[in-house]
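# Inside the fold
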Amino acid sequence: KNQVEQSPQSLIILEGKNCTLQCNYTVSPFSNLRWYKQDTGRGPVSLTIMTFSENTKSNGRYTATLDADTKQSSLHITASQLSDSASYICVVSGRYGNKLVFGAGTILRVKS
Amino acid sequence: EPEVTQTPSHQVTQMGQEVILRCVPISNHLYFYWYRQILGQKVEFLVSFYNNEISEKSEIFDDQFSVERPDGSNFTLKIRSTKLEDSAMYFCAGDTGTSYGEQFFGPGTRLTVL
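Residues numbered from 1 in each chain as written. Chains lettered and ligands numbered in written order. Predicted model: local features only at pLDDT ≥ 70, side-chain atom pairs only at ≥ 80, totals over all residues. Heavy atoms only, no water.

### Side note on the overall build of chain A
Put simply, the rule is: Secondary structure is summarised from DSSP: a helix means a run of H or I of at least four residues, a strand means a run of E of at least two, and numbering begins at the N terminus for each. All radius of gyration figures rest on C-alpha atoms, and the globule criterion is 2.2 Å times the number of residues raised to 0.38. Per-residue accessibility, obtained with a 1.4 Å probe over protein chains only, is compared with the maximum for each type, and a residue is labelled buried under 20%, exposed over 50%, and partly exposed between these values. Throughout, a residue-residue contact means that at least one pair of heavy atoms, one from each residue, lies within 4.5 Å. Areas reported as accessible are Shrake-Rupley estimates using a 1.4 Å probe. Residue values count occlusion only from the protein chains shown. The charge count treats Lys and Arg as positive and Asp and Glu as negative. His and the chain ends do not count. Lysine's charge is taken at NZ, arginine's at CZ, aspartate's at CG and glutamate's at CD.
When you go through chain A residue by residue, the secondary structure sums to 0 helices and 11 strands. Along the chain direction, N to C, the helices and strands of chain A fall in the order β-β-β-β-β-β-β-β-β-β-β. Over its C-alpha atoms chain A spans a radius of gyration of 13 Å, differing by no more than 12% from the 13 Å that the globule rule assigns to 112 residues. Principal axes of the C-alpha set define a box for chain A whose edges measure 40 × 25 × 20 Å. Relative to its full complement of 112 residues, chain A shows a buried share of 47%. Long-range contacts, defined as pairs at least 24 residues apart, comprise 56% of the intrachain contacts of chain A with a sequence gap of at least 6. Looking at chain A as shown, the accessible area adds up to about 5400 Å², and 48% of this sits on carbon and sulfur atoms. The distance from the centre of the 12 positive side-chain charges to the centre of the 7 negative ones in chain A is 6 Å.

### Notes on the overall build of chain B
A count of helices and strands for chain B gives 0 helices and 11 strands. Listed by position from the N terminus, the elements making up chain B come as β-β-β-β-β-β-β-β-β-β-β. For chain B, whose C-alpha radius of gyration is 13 Å, the value lies close to the compact-globule estimate of 13 Å for 114 residues. Principal-axis analysis of the C-alpha atoms gives chain B an extent of 40 × 25 × 25 Å. For chain B, with 114 residues in total, the buried portion stands at 43%.

### Details of the pattern of salt bridges
Here is the rule: When a carboxyl oxygen of Asp or Glu lies within 4 Å of a side-chain nitrogen of Lys or Arg, that pair is called a salt bridge.
Scanning the entire structure with this criterion turns up 3 salt bridges over all chains. Two residues, Glu54(A) and Lys57(A), come together in a salt bridge whose shortest N-O distance is 3.2 Å. Ionic pairing is found between Arg36(B) and Glu44(B), a salt bridge with its closest N-O pair at 3.1 Å.

### Remarks on the packing of aromatic side chains
Rules: Put simply, two rings from Phe, Tyr or Trp (the six-membered ring, in Trp's case) pair if the centres are within 6.5 Å, and we call them stacked under 30 degrees between planes, edge-to-face over 60, tilted for the rest. Consider the ring centre and the ring normal. A charge sits over the ring if Lys NZ or Arg CZ is within 6 Å of that centre and within 35 degrees of that normal.
Taken as a whole and assessed by the stated rule, the structure comprises 14 aromatic pairs over all chains. Both rings, one in Tyr31(B) and one in Tyr50(B), keep their centres 4.3 Å apart while their planes meet at 10°; by these two values the pair is stacked. Placement of Tyr31(B) in strand β4 (residues 31-37) and of Tyr50(B) in strand β5 (residues 44-50) is noted, with a sequence separation of 19 residues between them. Since its relative accessible area comes to 18%, Tyr31(B) is described here as buried. Pairwise contacts between aromatic rings join Tyr36(A), Phe102(A), Tyr33(B), Tyr35(B), Phe45(B) and Phe105(B) into one cluster. The ring of Tyr62(A) has Arg61(A) sitting right over it, with the charged end atom 5.8 Å from the ring centre.

### Observations concerning the interface of chain B and chain A
To keep it simple, the criterion reads: Counting of polar contacts relies on pairs of N or O atoms within 3.5 Å, with two restrictions inside protein: one atom must be capable of donating a hydrogen and the other of accepting it, and residues adjacent in sequence are counted only when both atoms are side-chain atoms.
Contacts between the two partners involve 20 residues from chain B, matched on the other side by 22 residues from chain A. At the junction of chain B and chain A, the tally comes to 0 salt bridges. On the surface where chain B and chain A come into contact, there are 2 residue pairs in polar contact (both at pLDDT 80 or more). Those elements that place two or more of their residues in the side of chain B that touches chain A are β4 and β9 (88-95) of chain B. Sort the elements by how many residues they give to the side of chain B that touches chain A and β4(B) lands first, with 4 residues.

### Brief notes about the sheet that holds strand β7 (residues 65-68) of chain B
Residue and element names in this part refer to chain B. The line we're drawing: Criterion used throughout: strands pair if DSSP finds at least two bridges between them. To get an axis, fit a line to the C-alpha atoms, keeping to the stretch in contact for a helix; angles then go from 0 to 180 degrees between the N-to-C directions.
Taken in spatial order, the 4 strands make up an open sheet running β1-β3-β8-β7, and their pairing is antiparallel. Whereas interior strands pair on both sides, the edge strands pair on one side only; in this sheet they are β1 (5-7) and β7. On average, each strand axis in the sheet is inclined to that of its neighbour by 15°, with strand direction left out of account. In the sheet, β1 pairs with strand β3 (residues 19-24) via 3 bridges, with the strands oriented antiparallel. Across the sheet, Thr7 pairs through a bridge with Arg22, a residue of β3.

### As for the nonpolar core
Worth spelling out the cut-off: Note on terminology: a nonpolar core comprises buried Ala, Val, Leu, Ile, Met, Phe, Trp, Tyr and Cys residues joined through side-chain atoms within 4.5 Å.
Ranked by size, the top nonpolar core spans 24 residues in total, and within it Val4(A), Tyr25(A), Leu33(A), Trp35(A), Leu75(A) and Tyr88(A) carry the most contacts. Residue assignment for this core shows that the elements contributing at least two residues are β3 (19-25), β4 (32-38), β5 (45-51), β7 (62-67), β8 (72-77), β9 (86-93) and β11 (106-111) of chain A. Apart from residues lying up to four places away in sequence, Leu75(A) is in contact with Cys19(A), Thr20(A), Leu21(A), Trp35(A), Leu47(A), Tyr62(A), Thr63(A), Ala64(A) and Tyr88(A). The next biggest cluster of nonpolar side chains, apart from the first, holds 22 residues, and it includes Phe32(B), Trp34(B), Leu77(B) and Val113(B).

In short, the description is geometric, and any link to function would need to be established separately.
Right, here's the structure in full:
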């Protein structure tokens, strides 16, 4: 069964600190992996999209890594800000990039 | 910057009633999607729509659900006879159809079935 698992479930960090979120997937065949940020009560917003041939991709303070062999990805957030508080969702596209399989997300809270 | 819009933002309905959720996708998008998110749970794929027909649907998308793009602009999701378990946030999304294209999500419609 196509699944996306994320850890930790939730995380609290101090403003200015870094953090890394993890994602494991079993979706096959694999097309691409995306990280989304979802604020409470809002739609997901794309942070990065990586194909199987890409190992790392950055978007500002966000850096995603992908190991297609072990089917693992991570999202590293540098110098966190209060506005980074949100749910971060790992999403995998299994076929031709259209249908998305969502993880449950990691709820990040950044406190001052 | 263009964005996906959805109306209404919140819909409250009685069990058994029909509801229509509306979405206006970004104008150059060709593929359209509906997702739902039950409170506290993960986002789930419902249906994808291309060239005026359903291209893929999940097991959640049963006969009670239907989608259409009646005027080339609005993209709608209809639930014929709502159930309590249909209460969720419904997100519309769209993309240009390339394999690695970004899907842009709307802000969602919160459906509450009483």
